[in-house]
Amino acid sequence: FAARVEVGFPENSKTYDAVLDANLLGPISFQLFGGLWDIDEVEDNGARFGGKLGYALPVAALSIGAFAGAEYTTLSSGEGATEASTSELVVPVGVGIGANLSAGPVADIVLYAQPAYYYMRMDAETPLGDFDDSANEFGAEAGARAGFGRFLVGGSVEFTTVEDSDAVFALTAGLRF
């Protein structure tokens, strides 16, 4: 188990998440998270939460497994006639590949990559009308975490095929149990 905080840096905003990672006995693992989405120059913050479920395949040298998840983000801003709200559901389905490297008697480094297919659904309600759309995209997250006994720190980058999207960098720190 690991409990950690993660700060992400999407374009013109930041995300702040609390994350729980768990590798259960056997091949099953899961991740749950929840947090805030702080958009630059917008007074209100959005909420985000979600999770992933994974199944590790029995491969000796690397850790390889399939995963699926869901992430829901919502944001409301303004009041009365100027109120607007938006929500987005992202469902990733992919493969995780990782390696755990020993870096001395009390340290280890985990390298990972998670290419995935993304189903994305967005809904918006504005004073000018309602909007909804869905898309099928691809992407990948890659990162590294260093563990020192019970402590861990790391970083990651996520790319997608979403038009005009930029890479999202994130930093994380937490405790392992």
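Residues numbered from 1 in each chain as written. Predicted model: local features only at pLDDT ≥ 70, side-chain atom pairs only at ≥ 80, totals over all residues. Heavy atoms only, no water.

Undergrad: Help me understand the overall build of the protein in this model?
TA: When helices and strands are counted, the protein shows 0 helices and 10 strands. For the protein, the N- to C-terminal ordering of α and β elements is β-β-β-β-β-β-β-β-β-β. Counting the 177 residues in the protein, one finds 29% classified as buried. Taking all contacts inside the protein whose residues are at least 6 apart in sequence as the whole, residues at least 24 apart take part in 44%. Total accessible area computed for the protein in this model is approximately 10,700 Å², and 64% of it derives from carbon and sulfur atoms. Taken as two groups, the 8 positive and 25 negative side-chain charges of the protein have centres that lie 15 Å from each other. (Helix = DSSP H or I, 4+ residues; strand = E, 2+ residues; numbered from the N terminus. Buried < 20%, exposed > 50% of the residue type's maximum accessible area, 1.4 Å probe, protein only. Contact = heavy atoms within 4.5 Å. Areas by Shrake-Rupley, 256 points an atom, 1.4 Å probe, with all protein chains shown as cover. Lys, Arg positive; Asp, Glu negative; His and termini not counted. Charge placed at Lys NZ, Arg CZ, Asp CG, Glu CD.)

Undergrad: Would you mind going over the nonpolar core with me for this structure?
TA: In globular proteins that are soluble, nonpolar side chains generally tend to be buried together. Of all hydrophobic cores here, the largest spans 5 residues; its members are Phe67, Val90, Ala116, Tyr118 and Met120. Met120 has contacts with Glu88, Leu89, Val90, Asp133, Ser134, Ala135, Glu137 and Val162, leaving out every residue within four places of it along the chain. (Core = buried A, V, L, I, M, F, W, Y, C linked by side-chain atoms within 4.5 Å.)

Undergrad: Explain the side chain of Glu6 to me, please; I cannot follow it from the model alone.
TA: Note that Glu6 resides in strand β1 (residues 2-9). Among the polar contacts listed, one links the side chain of Glu6 to the side chain of Arg4, at a separation of 2.8 Å. Setting aside residues no more than four positions away along its own chain, Glu6 makes contact with Thr15, Tyr16, Asp17, Val19, Ala170, Leu171 and Thr172. (Polar contact = N/O pair within 3.5 Å; in protein donor to acceptor, adjacent residues only side chain to side chain.)

Undergrad: Honestly, the pattern of salt bridges in this entry has me stumped. Any pointers?
TA: For the structure shown, the criterion picks out 7 salt bridges. Residues Arg121 and Asp132 are paired through a salt bridge, measuring 3.8 Å at the closest nitrogen-oxygen approach. Separated by 11 residues along the polypeptide, Arg121 in strand β7 (residues 107-126) and Asp132 in strand β8 (residues 129-148) bring together distant segments of the chain. You can call Arg121 partly exposed: its relative accessible area is 29%. Bridged by salt links that share partners, the residues Arg4, Glu6 and Asp21 form one connected network. (Salt bridge = Lys/Arg side-chain N within 4 Å of Asp/Glu carboxyl O.)

Undergrad: Mind showing me how you'd approach the sheet that holds β7 here?
TA: Two orientations exist for strands paired in a sheet by backbone hydrogen bonds: parallel and antiparallel. Judged by pairing direction, the barrel is antiparallel, and its 10 strands sit side by side in the order β1-β2-β3-β4-β5-β6-β7-β8-β9-β10 before closing back on the first. Here the strands of the sheet are splayed against their neighbours by 20° on average, with no regard to which way each runs. Taken together, the 20 bridges between β7 and β8 define a ladder with antiparallel strand orientation. Directly across from Arg121, in β8, lies its bridge partner Ser134. (Pairing = 2+ DSSP bridges. Axes fitted to C-alpha atoms, helices over the stretch in contact; angles between N-to-C directions.)

Undergrad: How should I be thinking about the pairing of β7 in this particular structure?
TA: A regular strand places its side chains on the two faces of the sheet in alternate fashion. Pairing of strand β6 (residues 84-102) with β7 involves 16 bridges; the strand directions are antiparallel. For Val93, the partnering residue across the bridge sits in β7 and is Tyr117. Counting the residues between successive antiparallel strands, the hairpin from β6 to β7 contains 4 residues, one of them, Gly104, with a positive phi of roughly 120°. In sequence, β7 turns back onto β8 through a hairpin of 2 residues.

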